[in-house]
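A closer look at the structure
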Amino acid sequence: MRLYLINPSNSLISLTDVKKCYWNQYRVWKPLSLLVLAGLTPSPEWDIKVIDENLSVPDYTAMPQPDLVGITAFTSQANRAYTVAAGFSSRGVPVVMGGIHATMCLMEALERVDAVVKGEAESIWAQVLEDAKFGTLKRVYTGIPLGMDKVPLARHDLLPSGYRVGAIQTTRGCPLNCSFCSVTAFNGRHFRHRPIENVVQEFKVIREKYVLIVDDNLIGTRKDHIAHTKKLFLAMIKANLGKNWFAQVTINMADDEELLRLAANAGCLGVFIGFESPSIEGLKEVHKKFNFHKGREFKASVSRIQRHGIIVAGSFIMGLDVDDHGIGQQIADTAKRYGLDILNVMFLTPLPGTRLWKNMELEGRIVVNSFPEDWKYYTLVFPVARYRHLSWADMLNELETCDRAFYSYPRIFYRVFGNLCRMRQPFSTLVSNLSYRYNGVRSYREKFQVLDLSRGESQAKKTLSARDASL
Ligand code: B12
Ligand code: SF4
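All of the points below concern the structure found in this document. Computed from a predicted model, the values in this text were never measured in an experiment. (Residues numbered from 1 in each chain as written. Chains lettered and ligands numbered in written order. Predicted model: local features only at pLDDT ≥ 70, side-chain atom pairs only at ≥ 80, totals over all residues.)

For the rest of this paragraph, the subject is the overall build of the protein. Helices and strands together make up the secondary structure of the protein, namely 18 helices and 14 strands. Taking all 471 residues of the protein together, 46% fall into the buried category. Restricting the contact set of the protein to residue pairs at least 6 apart, pairs at least 24 apart contribute 76%. (Helix = DSSP H or I, 4+ residues; strand = E, 2+ residues; numbered from the N terminus. Buried ≥ 20, exposed ≤ 12 C-beta atoms within 10 Å, placed from the backbone. Contact = placed C-beta atoms within 7 Å.)

A few words now on the nonpolar core. Membership of the largest hydrophobic core comes to 127 residues, with the highest contact counts inside it found for M97 and M318. Two domains each put at least three residues into this core: domain 1 (2–142) and domain 2 (164–451). In this view, M97 contacts I71, A73, A81, A85, A102, A109, V113 and V116; residues no more than four positions away in its chain are not counted. (Core = buried A, V, L, I, M, F, W, Y, C linked by C-beta atoms within 7 Å. Domains from an automatic or database assignment.)

Our next topic: the pairing of strand β5 (residues 115–118). Note: strand β4 (residues 95–98) against β5, three bridges, orientation parallel. By the bridge assignment, G98 is partnered in β5 with V117. One ladder, built from three bridges, connects β5 with strand β6 (residues 140–142); its direction is parallel. The residue of β6 that forms the bridge with V117 is Y141. The parallel pair β5 and β6 is bridged by helix α5 (residues 125–133), and the resulting crossover is left-handed. (Pairing = 2+ DSSP bridges. Right-handed = clockwise from strand over helix to strand, strands pointing away.)

Turning to unusual backbone geometry, a few remarks are in order. Cis peptide bonds are those with omega within 30 degrees of zero, and the linkage from S43 to P44 qualifies with 15°. The topology assignment puts P44 in the loop between α1 (32–39) and β2 (47–52). The omega torsion of the bond from F371 to P372 falls at 5°, within 30 degrees of zero and hence cis. Relative to the helices and strands, P372 is located in the loop between α13 (355–362) and α14 (392–406). If you check the backbone angles, N177 has positive phi at about 55° while not being a glycine. Here N177 is to be found in the loop between β8 (171–172) and α6 (183–187). For N177, a count of 14 C-beta atoms within 10 Å gives the class partly exposed. Of note in this structure, Q425 is not a glycine but carries a positive phi near 45°. Relative to the assigned elements, Q425 resides in the loop between α15 (409–421) and α16 (426–439).

The next subject is the site of ligand 2. All residues in the neighbourhood of ligand 2 are listed as C174, L176, N177, C178, C181, V183, T184, D216, N217 and G274. Taken together, the residues that form the shell around ligand 2 break down as five nonpolar, four polar and one charged. (Near = placed C-beta within 6 Å. Nonpolar A, V, L, I, M, F, W, Y, C, P; charged D, E, K, R; others polar.)

Near ligand 1 lie 39 residues; those nearest to it are S33, G70, T72, G98 and G99. Among the elements of the structure, α1, β3 (68–72), β4, α3 (100–104) and α6 are those that each provide at least two residues to the shell around ligand 1. Considering each element in turn, the shell around ligand 1 owes the most residues, four residues, to α1. Of the residues in the shell around ligand 1, the class split is 21 nonpolar, 15 polar and three charged.

Attention now moves to the sheet that holds strand β10 (residues 210–213). Pairing is parallel across the open sheet formed by six strands, whose spatial order is β7-β10-β11-β12-β13-β14. Both outer strands of the open sheet, β7 (165–168) and β14 (342–347), are each paired with one neighbouring strand and no more. Taking the axes of each pair of neighbouring strands and ignoring which way they run, one obtains an average angle of 20° across the sheet. As paired strands, β7 and β10 are joined by four bridges and run parallel to one another. (Axes fitted to C-alpha atoms, helices over the stretch in contact; angles between N-to-C directions.)

Below, the discussion takes up the sheet that holds β5. Overall, parallel pairing links the six strands, which are arranged β2-β1-β3-β4-β5-β6 in an open sheet. Of all strands in the sheet, those bounded by a partner on one side alone are β2 and β6. Strand-to-strand, the axes of this sheet are offset by a mean angle of 20°, without reference to chain direction. Across four bridges, strand β1 (residues 2–7) lies against β3 in parallel orientation. Note on β3: the bridge partner recorded for I6 is I71. Lying over the sheet, helix α2 (residues 78–89) contacts β1, β3 and β4, oriented at roughly 160° with respect to β4.

Bringing the pairing of β3 into the picture now. Taken across its five residues, β3 has five buried, putting it largely inside the fold. Burial along β3 is two-sided: the residues L68, G70 and T72 and V69 and I71 are all buried. With four bridges joining them, β3 and β4 adopt parallel strand pairing. Note on β4: the bridge partner recorded for I71 is M97.

Structure follows, in structure tokens:
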């Protein structure tokens, strides 16, 4: 039986375009979901091919006909996913879709594919394969979240070389449920750990020296989470993995010197932290109360992490209801004040299944809404909704102001040189700063032309007049 597992591309995401920018090759991440699915698939009974369209889009008609196609998709990949699915369906090949988008937009997906797997696949994929084998595929399969001991070793061997960075997952779930984020809705509030020996074993089969730990929050929020993470780091040190890794964490990582020391010794090069907003009002708006817990000093917290040779990337959201003219400069100044090595700014985007989506939909503020075609704009770098105080043109100007201020060549030089002197990952700082500079300042105008601003602005005005009174 032949199985194709496909990660669809989105041509509007420039960071995967390695031809346009050399530094992007460090930011083409592996589609881990498909490698995990492959790990759940009995082999050699199934001959599995994993296709990542980010590397190249094959001519599917020239390939041997598969018995089953599995497609994954984030929302931003959904319309491409449907195009790929239609191609296979027209040739009589059954298509099953899974992942965050199909889970959150079940009816839409069901109109376009033969079967949908809702939620995590570990509890249900074997059933899907059996049904596919006997031609009795059901329309919907619902996966239930299991303990992470049920997550198999991902089949890293199935992707070709061509990636600079490997990927691994050690935890799932998040109790914090920020309004813009889909993780709690998808993976649940309960924070689940993967058995440490499985993580170490999988690290050993990853070819790449650099690894992205894809967890939403590697360290967790409670004392017992942190204690588990320390054990994980100790095991990684003991196994002498020789890997360098990056991970998403929360700012509480800064509060534990032992955790920081162990992370650095276990190969941590950098952490990605969601600061989300320069103001307390902004944090309240997105329900990220965690960040202003106990009167935290962000600058001091960031530098405590950096003292261990770990670089800190900070993420902010632009377009919150509290954001007004000047927010771009304000974010750049805040990032500079905190001493961040990398700054990632995204537009507030209602993603299906989030509380933000529900609220914006109720208020009639979702402007880019010709679905499924418009899902391709849900990359967080396009304005897709009506923002409280900022027009789309304002958003673009603010983002440009922010990026120009943070990623000017003198500022990049200052950060890289500073990190060279402190022996704090100067190469990673350089690569990420240049990649962000390329994908930011230089390409915004070009990107925005694709979206047809006038369409959005006129719809935005319509919504504005109808809703003005209520806001
Ligand atoms: C790593 C990651 C990335 C990597 C992508 C790597 C890649 N190509 O997969 C990078 C950094 C590039 C990235 C980029 C973006 N990301 Co991202 N990312 C993640 C993250 C943190 C982990 C994903 C992961 O690997 N999980 C591990 C695997 C094993 O779990 P999984 O994907 O859920 O797969 C399981 C099930 O979903 C299911 N499944 C999945 N696919 C399929 C397919 C079939 C056929 C079946 C049966 C089952 C199935 O089975 C798997 C095993 O249980 C998630 C958050 C999360 N916890 O999932 C956000 C997340 C997916 N990203 C998100 C977003 C918004 C983005 C961006 C749009 C913006 C951004 N943050 O930069 C871009 C868009 C990129 C794109 N290609 O379109 C959102 C997506 C929400 C949505 N509705 O789409 C998430 C959920 C985070 C959030 N805060 O809400 N991301
Ligand atoms: S943004 Fe981070 S902290 Fe907030 S719910 Fe999502 S994963 Fe959890």
